[in-house]
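This is what each chain is made of:
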Amino acid sequence: MGKIIAVVNQKGGVGKTTTAVNLTAALHDLGLKVLLCDFDPQANATSGLGVDKKKIKYSVYDVTINGTPVKDAIVQTKHGDVLPAAADLAGATVELIGENHRERQLDIALKDIKNEYDLIFIDCPPSLELLTLNGLCAADAILVPVQCEYYALEGLSDLMATLRMVKRKLNPRLEIFGVALTMFDGRTNFSTQVAQEVRRHFPGKVFATVIPRNIRLAEAPSHGLPVTAYDRSSRGAVAYKAMAEEIKAKLSS
């Protein structure tokens, strides 16, 4: 049975979508069957894997709001499959409010295809609202990107409180799959101190691989490519490939 992992952090700019896109591609390169569900109205994960959000026939909005079969919306790419998002997802929160089981619409949709994939990533919005709640209810576990910068741990207590609430009331299987340290600058003692602090807060959960600050990681999305395809020898690509190896080993253990 496949595993569903929500990539979540309510702080923006922490490398959440970058992590979701590049782990999808790196794990696909390792031979896993991977789906990236873009559940962020910005739809950056969709374009990050080369899918033109203006040309898609169906999106995750159609699946969760209009009942479109999820298989009809999935787009296959050279770097993994994508359940794309488009601008209409921004209105989904309002439309979901009146639904029965409004926090479970994504869970219901993904149940049909879960066993067809080794791994499904959900790229959640950078906020703790109804779309993110749908992601948490659909997931078996969460992956939390944390940037190695000042205020790195700010807001994580709110995320952990939400996680405990969802686990207690809605999704008892939910757990922390891993914490990914991003935007690491090895030239500064500060990045090292933040990494140590995060490891202290999440013992045994932080990936050994850290994701460095890397210009290629910033450039790749504008070309509609994961960094492993844009510049596979870059420090960012090497790091995400190493993290993907960690995840593959963890899945098979």
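Because the structure is predicted, anything quoted here is derived from the model rather than measured. (Residues numbered from 1 in each chain as written. Predicted model: local features only at pLDDT ≥ 70, side-chain atom pairs only at ≥ 80, totals over all residues. Heavy atoms only, no water.)

This part takes up the sheet that holds strand β2 (residues 34–38). Taken in spatial order, the eight strands of this open sheet run β3-β4-β2-β5-β1-β6-β7-β8, and their pairing is mixed. Edge strands, defined here as strands with exactly one partner in the open sheet, are β3 (75–77) and β8 (206–212). Between one strand axis and the next, the sheet turns through 25 degrees on average, direction left out of account. In the sheet, β3 pairs with strand β4 (residues 80–83) via three bridges, with the strands oriented antiparallel. The residue bridging Val75 from the neighbouring strand is Val82, located in β4. Strand contacts of helix α9 (residues 189–201): β6 (141–147), β7 (175–184) and β8, with the helix running at about 175 degrees to β7, the strand carrying the most contacts. (Pairing = 2+ DSSP bridges. Helix = DSSP H or I, 4+ residues; strand = E, 2+ residues; numbered from the N terminus. Axes fitted to C-alpha atoms, helices over the stretch in contact; angles between N-to-C directions. Contact = heavy atoms within 4.5 Å.)

What follows concerns the packing of helix α7 (residues 130–138) against helix α8 (residues 156–169). Direction vectors running N to C along α7 and α8 enclose 55 degrees, while the axes themselves pass 10 Å from each other. Taken together, the axes of α7 and α8 are oblique relative to one another. Seen along the crossing, α7 lies across α8 with a hand that is right-handed. Side by side, α7 and α8 meet where Leu133, Leu136 and Cys137 of the first sit next to Thr162, Met165 and Val166 of the second. The residue inventory of the contact of α7 with α8, partitioned by class, reads five nonpolar, one polar and no charged. (Parallel < 35°, antiparallel > 145°, perpendicular 65-115°, else oblique. Left-handed = near helix turned anticlockwise from the far one by under 90°. Nonpolar A, V, L, I, M, F, W, Y, C, P; charged D, E, K, R; others polar.)

Throughout the structure, instances matching the rule amount to three aromatic pairs. Ring geometry for Tyr150 and Tyr151: centres 4.3 Å apart, planes at 50 degrees, overall tilted. Look at Tyr151 and you get partly exposed, because its relative accessible area is 47%. Ring centres 6.1 Å apart and planes at 45 degrees place the aromatic pair Tyr150 and Phe190 in the tilted group. Here Tyr150, found in the loop between β6 and α8, pairs with Phe190, found in helix α9; they are 40 residues apart in sequence, far enough to count as distant. Overall, the relative accessible area of 55% leaves Tyr150 in the exposed class. Taken together, Tyr150, Tyr151 and Phe190 form an aromatic cluster joined through their ring pairs. In this structure, Lys250 packs its charged tip against the face of Phe177, placed 4.6 Å from the ring centre. (Phe/Tyr/Trp six-rings, centres within 6.5 Å; stacked < 30°, edge-to-face > 60°. Buried < 20%, exposed > 50% of the residue type's maximum accessible area, 1.4 Å probe, protein only. Lys NZ or Arg CZ within 6 Å of the ring centre and 35° of its normal.)

Turning to the side chain of Thr132, a few remarks are in order. Of note, Thr132 is situated in helix α7. Since its relative accessible area comes to 1%, Thr132 is described here as buried. A distance of 2.6 Å separates a polar atom in the side chain of Thr132 from the backbone oxygen of Ser127. The residues touching Thr132, leaving out its near neighbours within four places in the chain, are Val8, Cys124, Pro125 and Ser127. (Polar contact = N/O pair within 3.5 Å; in protein donor to acceptor, adjacent residues only side chain to side chain.)

Looking now at the state of the cysteines. Inspection of the entire model under this criterion finds zero disulfides. This cysteine, Cys37, is not joined by any disulfide, and Cys124 carries the nearest cysteine sulfur, 8.2 Å off. Its relative accessible area of 0% is what places Cys37 among the buried residues. (Disulfide = S-S within 2.5 Å.)

Its identity is not glycine, yet Ala43 carries a phi of approximately 60 degrees, on the positive side. Position of Ala43 relative to the elements: it lies in the loop between β2 and α2 (44–48). One non-glycine residue, His101, adopts positive backbone phi at about 55 degrees. Within the secondary structure, His101 is located in the loop between α5 (92–96) and α6 (105–111). On the basis of relative accessibility, which here comes to 54%, the residue His101 falls in the exposed class.

Below, the discussion takes up the packing of helix α1 (residues 16–29) against helix α12 (residues 235–252). Between α1 and α12, the least distance of the axes is 9 Å, while the angle of their chain directions is 70 degrees. With respect to α12, the axis of α1 lies roughly perpendicular. Here α1 contributes Thr18, Thr19, Asn22, Leu23, Ala26 and Leu27 to the contact with α12, which in turn contributes Tyr240, Lys241, Met243, Ala244, Ile247 and Lys248.

Taken as a whole, the largest pocket spans an internal volume of roughly 290 Å³. Taken together, 22 residues make up the lining of the largest pocket; nearest its centre are Gly15, Lys16, Thr17, Thr18 and Asn44. Breaking the lining of the largest pocket down by element, the ones donating at least two residues are α1 and α2. Taken together, the residues of the lining of the largest pocket break down into nine nonpolar, ten polar and three charged. Approximately 210 Å³ is the volume attributed to the second largest pocket. (1 Å grid on protein atoms, 1.4 Å probe; cavity = no way out; pocket = protein on both sides within 12 Å on 5 of 7 lines; lining within 4 Å. Points joined across faces, edges and corners; volume = space filled by probe spheres on them.)

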